[in-house]
Structure formats: structure tokens, C-alpha cells
Amino acid sequence: MGKPTGFIEHAREVASEASPLVRIGHWKEFATPLTQDKLQVQGSRCMDCGIPFCHTGSLISGMAAGCPVNNLIPEWNDLVYRGQWREALDRLHKTNNFPEFTGRVCPAPCEGSCTVGLKDTPVTIKSIEKAIIDKGFDEGWIKPEPPETRTGKKVAVVGSGPSGLAAAAQLNKAGHWVTVFERADRVGGLLMYGIPNMKLDKKYVQRRVDLLEAEGIAFVTGAHVGVNYPIEKLQEEFDAIVLCGGATKGRDLPIEGRELGGVHLAMEFLSKNTKSLLDSEHADREFISAEGKDVIVIGGGDTGTDCVGTSIRHKCKSVTQFEIMPKSPETRPANNPWPEWPKVLKVDYGQQEAAALQGEDPRTYLINTKKFVGDENGNLKELHTVLIEWQKNDKGAFVPVEVPGSEKVYPAQLVLIAMGFTGPESTVLDQLGVAKDERSNAKADYGKFATNVDGVFAAGDMRRGQSLVVWAINEGRAVAREVDRFLMGSSNLP
Ligand SMILES: Cc1cc2nc3c(=O)[nH]c(=O)nc-3n(C[C@H](O)[C@H](O)[C@H](O)COP(=O)(O)OP(=O)(O)OC[C@H]3O[C@@H](n4cnc5c(N)ncnc54)[C@H](O)[C@@H]3O)c2cc1C
Ligand code: SF4
């Protein structure tokens, strides 16, 4: 611990962000990192507490407390404080293959469990992580490191999201020949076609993919395993298969009027937007435009927020976000103590932007959509809603109960359904005969990752359900260890 009094002397400082009204004019990332000097000061705030939780990644009350990839946070905080950036980078890469992704999009459960955060504001861990990796790339310290020897074993990874990429990176390090199959035209999974460009610039995804390719990993795009790439071929050609297909089946809202023009699942909206942006900077018009429309986003989570931010950049007329749950408290309630993940009100970038444009937060809470109503051309015209209360039924379960007289009609020409995900698409699982759990995910125990089919493993959202990039990396690394053990009898992978 470099500076025992750092947390007493210095206040938390984070990266500044372009003002909402400026950044909505473009699709670029909008954070300006702290200077190196300021980051060193922030590193000194880490008190190297006796029992740190920031790096534990343990589940408390069903939520991750601390970093799920067990980043060695106190160690690299100290190295940054001392100006030893290169050593900090080496420490960071020991546990995290892709800090440039987590440093940008991770919700930072580490900061929710930081001991300084018990009484004061937590150490700015995520900004430091991003600064270490960005400096590593800027300084040219990060170079392809192909393995010195090859085992001759061949592994197929199906799906190129963060879990597939992490699995591929680790298996390649162990000397296996790895081929990643991706049905989309670009590699990256939701890093590429889910999370919008202003949160994670796609040039950083491509930079990492290029590096992995230079290390010897083969990527095959446009290969939809089980559809245009036969599963039997995969089984014949490879010694092991790792399924990392994600859990992108969107939860729909099958109410009256669902078939109307202008009612879409969030992922359709977001992925087409990014593809068109990357292909032609939107010149091809191959996306669902929110321009000039009253947009309603159904779902108050992160995907919903991305729809809000994207609609605003399209220059929508108005945007409203519906949330069926009550508003979260502004500070931790007594039943959500440190070091648990703080379940407090988050005002994310999309809500900040909507508030700047419209004068108020776009979210309406405790609201349910009853039906969509269209015009004579079959296009959406309005939404009919009702407010609800959560009440306990006779079995003790909370159920939504409509508030009489609270019905309301919202004009809307575009609705984006962002109500979460129901699980993975089942084509590959069914064709391989992989058993599923009760939530329709691939059934494989955490830590083992082996499915019921010999030589077939599953990891990431396909195994755990829609989650976070950091968990996908955790599972990708861990499944690689198990596959290596399966192929070689033992494994030295961390
Ligand atoms: C809109 C949105 C925003 C998000 N924002 C964040 C965020 O800010 N921070 C965060 O931590 N998490 C975020 N998440 C969650 C995060 O992106 C996921 O948890 C993570 O990407 C899961 O990684 P994965 O590798 O398991 O799967 P995915 O990233 O879903 O990748 C799976 C890949 O497999 C491919 N595939 C599937 N089946 C086949 C097949 N048969 N053949 C070939 N390819 C196949 C798919 O095309 C896809 O590319 C967000 C999710 C969404 C939807
Ligand atoms: S990966 Fe996430 S939880 Fe881990 S140190 Fe980085 S921001 Fe924190």
C-alpha cells in the first residue's frame, strides 16, 4: 500500500463526460479519461484493507459482490499510484483477457464492495482498469503472443461474444488450434452487435479480434452452426466443442396489436443500428429509424437504456421508458448492506440525455401495457396502459394489481420491447442432444462446464442466462481450463 492516508486526503474523481446535448450528436464514446497524474492520485485512495471484497466476485443475495474475474485490484491500484503502469498491465492481464471491454461497460460490482465505499466514495477502480489497458495499447506494450508449441488438438468455439473470445484466447495459449464460428458478419457477439457504439467503440472490439487472430485463432463468420454449417462436420473435425452462443432470445409482449408495424424487439433495433453504422455510417438506411417518432421503450433495464440513447441519436420526437417495478431508492436500504451490489437508483447515460432534452427523466414506474392500437395502415398509433401495485397474493407471492382509474393512452409510432431475455436459441443444443436446465439454458455445472454430451462444453450466457460481459469472460476462462483438462488430462491454465 503506497499511501496509507490517500483515502483521507483525496476525494474520488472519475472521468468527465461530454454534456448530454453535445454527445447525442454523434455515436462515439464520450468519456474523457483522467490524466495520468490524477489516476495515480486515485490509485492512492485504495487503502489495501485487510479483507478486501472488491476482487472476490462472490454471490451475495444472488448478486455479484466484487469482481467476477477476481482482478487483483489492490495490487494494480498500488502499482498505478507508484507509476509502474507496465507492471500494473501485467497484473491486470493475469485475470482478465479483455480489460478494454470491462473498463468501458462493466457495472463495476468491485466499486460496490470497496471498503473505502463503506464510509466514503469508493476507489475509482473501473477508470483505473480502463486507463491501464488503454495505456498498454497506446505504448505498444500489447503484442500478439502466439504459443511456442502446439498440442495438435483442435477445438471449435461456437459464438464469438466475450465468453467465446475468452475461451478461445485461453485455449490458444494452451497450444490448441482454435476455430471460432460466428453466424454474424462480424466477430464479437453482443460486444459488437448489442452494446451500442457510444458505450463501446467497435474499433476496440476489432483491435482485440485482430490480436487474437495474429496469435493463431481462426475466425469463421457467416457460419451459423446447425443451420448453414452442419453439426456433424463440427463433431468430425474437432476434438472438443465449446458452446458460447449467448442467450439472446428476447422476452416478447404478446398482447393485442403486437403484430402492428412499429413494434419491435429491442435487439432488432440495436443490432441493425450498429450494423448500418459500421457498414455505411447509416447511409444505407438499413435500420429501424426512430427519427421524428414518439418512442416508448418497454423495460427499464440496461438494454432499454441503450434503446433510449439510440432513439435520441436518431432524433426521435420524444422518448418514454416504462418500468413495471417501483423506483429504486437513492441510497442503500437496510436489507442491502455493503459489500452487496447496491440496488440503488441509477441514472444512466440514456436517462441523462432524455432529461437534458425533455426536461425530465424518461422513466415511468409501476406501469403495464395493456394493448397496442394501430392506424388504418396497420401501423402503431398508441399504447394503452394502466398503473399497477405489487401486492401479496394468498400464497405470499407478489403479484401486479391494476390501480382502478389509472388507464392512460400514450401516442407512439415506435415501441421497443426490452423486457429481458428468455434464454438461448435451441438449434445447436437440440441437434447435439445437449440437456437444458429449467430456464432452457445449456445444462452444465459451473466449474465443470461439461454438458451431457462427451466433449461438448457450454459457457457464458448460453449456460448462465443473460448476464454481464465480466461473467462471460469469467466463464470463458474457466471453460478453457476444463476443456484443456479434457484434452490433455491436466491443465496449467489459470
Ligand atoms: C443491449 C445489451 C446491452 C448490454 N450492455 C451490457 C453492459 O453495458 N455491460 C455488461 O457487462 N453487459 C452488457 N450486456 C450483457 C452482455 O453483453 C452479455 O452478457 C455478454 O455479451 C454475453 O456474452 P456471451 O459470449 O455469453 O454471448 P454473446 O455476447 O451473446 O455472444 C454469442 C454469440 O454467439 C453467436 N451464435 C449463437 N448461436 C450460434 C450458432 N449456432 N452458430 C454460430 N454463432 C452463433 C451469436 O451470433 C453471438 O454473436 C448487454 C446486453 C445487451 C443485449
Ligand atoms: S471487471 Fe468489472 S468488477 Fe472487475 S475490476 Fe473491472 S470494473 Fe470492477
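Residues numbered from 1 in each chain as written. Chains lettered and ligands numbered in written order. Predicted model: local features only at pLDDT ≥ 70, side-chain atom pairs only at ≥ 80, totals over all residues. Heavy atoms only, no water.

As named in an unreviewed UniProt entry, the chain is Glutamate synthase [NADPH] small chain, taken from Paenibacillus allorhizoplanae.

S.K.: I tried to follow unusual backbone geometry on my own but got confused; where do I start?
M.R.: Glycine aside, residues mostly have negative phi angles, and peptide bonds mostly take the trans form. Each neighbour pair has its own omega, and for Trp 338 with Pro 339 the value is 5°, a cis peptide bond. Tracing the chain through its elements places Pro 339 in the loop between strand S12 (318-323) and helix H15 (349-358). Here the phi dihedral of Ser 61 falls at roughly 50°; this positive angle occurs in a residue that is not glycine. Here Ser 61 shows up in the loop between strand S3 (58-60) and strand S4 (63-65). The phi dihedral of Arg 285 falls on the positive side, at around 60°, and the residue is not glycine. Residue position: Arg 285 is located in the loop between helix H13 (266-280) and strand S11 (294-298). (Helix = DSSP H or I, 4+ residues; strand = E, 2+ residues; numbered from the N terminus.)

S.K.: Quick question: what am I supposed to make of the domain arrangement of the chain here?
M.R.: Taken domain by domain, the chain holds domain 1 (6-138), domain 2 (154-248 + 422-488) and domain 3 (252-419). Inter-centroid distance (C-alpha atoms) of domain 1 to domain 2 is 27 Å. Listed by partner, the interface residues are 26 residues for domain 1 and 26 residues for domain 2. Between domain 1 and domain 2, roughly 2300 Å² of surface is buried when both sides are summed, and carbon and sulfur atoms account for 67% of that area. (Domains from an automatic or database assignment. Contact = heavy atoms within 4.5 Å. Buried area = accessible area lost by both parts, 1.4 Å probe.)

S.K.: Sorry, what's going on with the pattern of salt bridges here?
M.R.: Pairing between side chains becomes possible if they bear opposite charge and their charged atoms approach one another. Scanning the model with the defined rule gives 34 salt bridges in all. Notably, a salt bridge pairs Lys 130 with Asp 134, separated by 3.4 Å at the nearest N-O pair. Placement of the pair is Lys 130 and Asp 134 together in helix H8 (residues 125-138), with a separation of 4 residues, close to one helical turn. By the burial criterion, Lys 130 is buried, and Asp 134 matches it. With its nearest N and O atoms 4.0 Å apart, the salt bridge here joins Arg 285 to Glu 291. One network of salt bridges, in which partners are shared, links Glu 17, Arg 23, Arg 313 and Glu 353. (Salt bridge = Lys/Arg side-chain N within 4 Å of Asp/Glu carboxyl O. Buried < 20%, exposed > 50% of the residue type's maximum accessible area, 1.4 Å probe, protein only.)

S.K.: How should I be thinking about H15 in this particular structure?
M.R.: It helps to recall that an α-helix has 3.6 residues per turn; residues three or four apart then point in one direction. By the burial criterion, the buried members of H15 are Tyr 349, Gly 350, Gln 351, Glu 353 and Ala 354. Tucked inside the fold, the buried residues of H15 contact helix H2 (20-23), helix H14 (302-313), S12 and strand S13 (363-365). Looking one or two residues beyond H15, the residue adopting positive phi is Gly 359, at roughly 90°.

S.K.: Help me understand the layout of surface pockets, please; the structure alone is not making it clear to me.
M.R.: Over the atoms a probe the size of a water molecule is rolled, and this reveals where empty space is left. Looking at the second largest pocket, its volume works out to about 520 Å³. As for the second largest pocket, its lining consists of 22 residues, and the residues nearest its centre are His 93, Lys 94, Glu 145, Lys 173 and Glu 215. Those elements giving two or more residues to the lining of the second largest pocket turn out to be helix H5 (85-95), helix H9 (162-173) and helix H11 (202-214). The leading source of residues in the lining of the second largest pocket is H5, at 5 residues. When its residues are assigned to classes, the lining of the second largest pocket shows 9 nonpolar, 4 polar and 9 charged. Split by domain, the lining of the second largest pocket shows at least three residues from each of two domains, domain 1 (6-138) and domain 2 (154-248 + 422-488). (1 Å grid on protein atoms, 1.4 Å probe; cavity = no way out; pocket = protein on both sides within 12 Å on 5 of 7 lines; lining within 4 Å. Points joined across faces, edges and corners; volume = space filled by probe spheres on them. Nonpolar A, V, L, I, M, F, W, Y, C, P; charged D, E, K, R; others polar.)

S.K.: Honestly, the UniProt feature "domain: Dihydroprymidine dehydrogenase" (unreviewed entry) in the chain in this entry has me stumped. Any pointers?
M.R.: Here the UniProt-annotated "domain: Dihydroprymidine dehydrogenase" (unreviewed entry) positions come out as residues 25-139. In the segment residues 25-139, helix accounts for 46% and strand for 7%; the C-alpha atoms at its two ends are 31 Å apart. (UniProt positions renumbered as here; feature names shortened; annotations may be inferred.)

S.K.: Even after reading the chapter, I still don't get the packing of helix H4 (residues 73-81) against H8, so can you show me in this structure?
M.R.: It is the contact of H4 with H8, at a shortest axis distance of 11 Å, that shows an interaxial angle of 65°. Helix-helix and strand crossings are classified by hand; for H4 and H8 the assignment is left-handed. The segment H4 lies against H8, with Ile 73, Trp 76, Asn 77 and Val 80 engaging Ile 125, Ile 128, Glu 129 and Ile 132. The residue inventory of the contact of H4 with H8, partitioned by class, reads 6 nonpolar, 1 polar and 1 charged. (Axes fitted to C-alpha atoms, helices over the stretch in contact; angles between N-to-C directions. Left-handed = near helix turned anticlockwise from the far one by under 90°.)

S.K.: Teacher, can you tell me more about the site of ligand 1 here?
M.R.: Not every one of the 37 residues close to ligand 1 is listed here, only the nearest: Val 105, Ser 163, Glu 182, Asp 461 and Val 469. Arg 183 places a side-chain nitrogen or oxygen 2.9 Å from an oxygen atom of ligand 1. Across the complex, the protein chains shield 95% of the 1000 Å² of accessible surface that ligand 1 would expose by itself. By residue number, the principal contributor to the shell around ligand 1 is H9, which donates 3 residues. Its residues assigned to classes, the shell around ligand 1 comprises 17 nonpolar, 15 polar and 5 charged. Mapping the shell around ligand 1 onto the domain boundaries places at least three of its residues in each of domain 2 (154-248 + 422-488) and domain 3 (252-419). (Near = heavy atom within 4 Å. Polar contact = N/O pair within 3.5 Å; in protein donor to acceptor, adjacent residues only side chain to side chain. Areas by Shrake-Rupley, 256 points an atom, 1.4 Å probe, with all protein chains shown as cover.)

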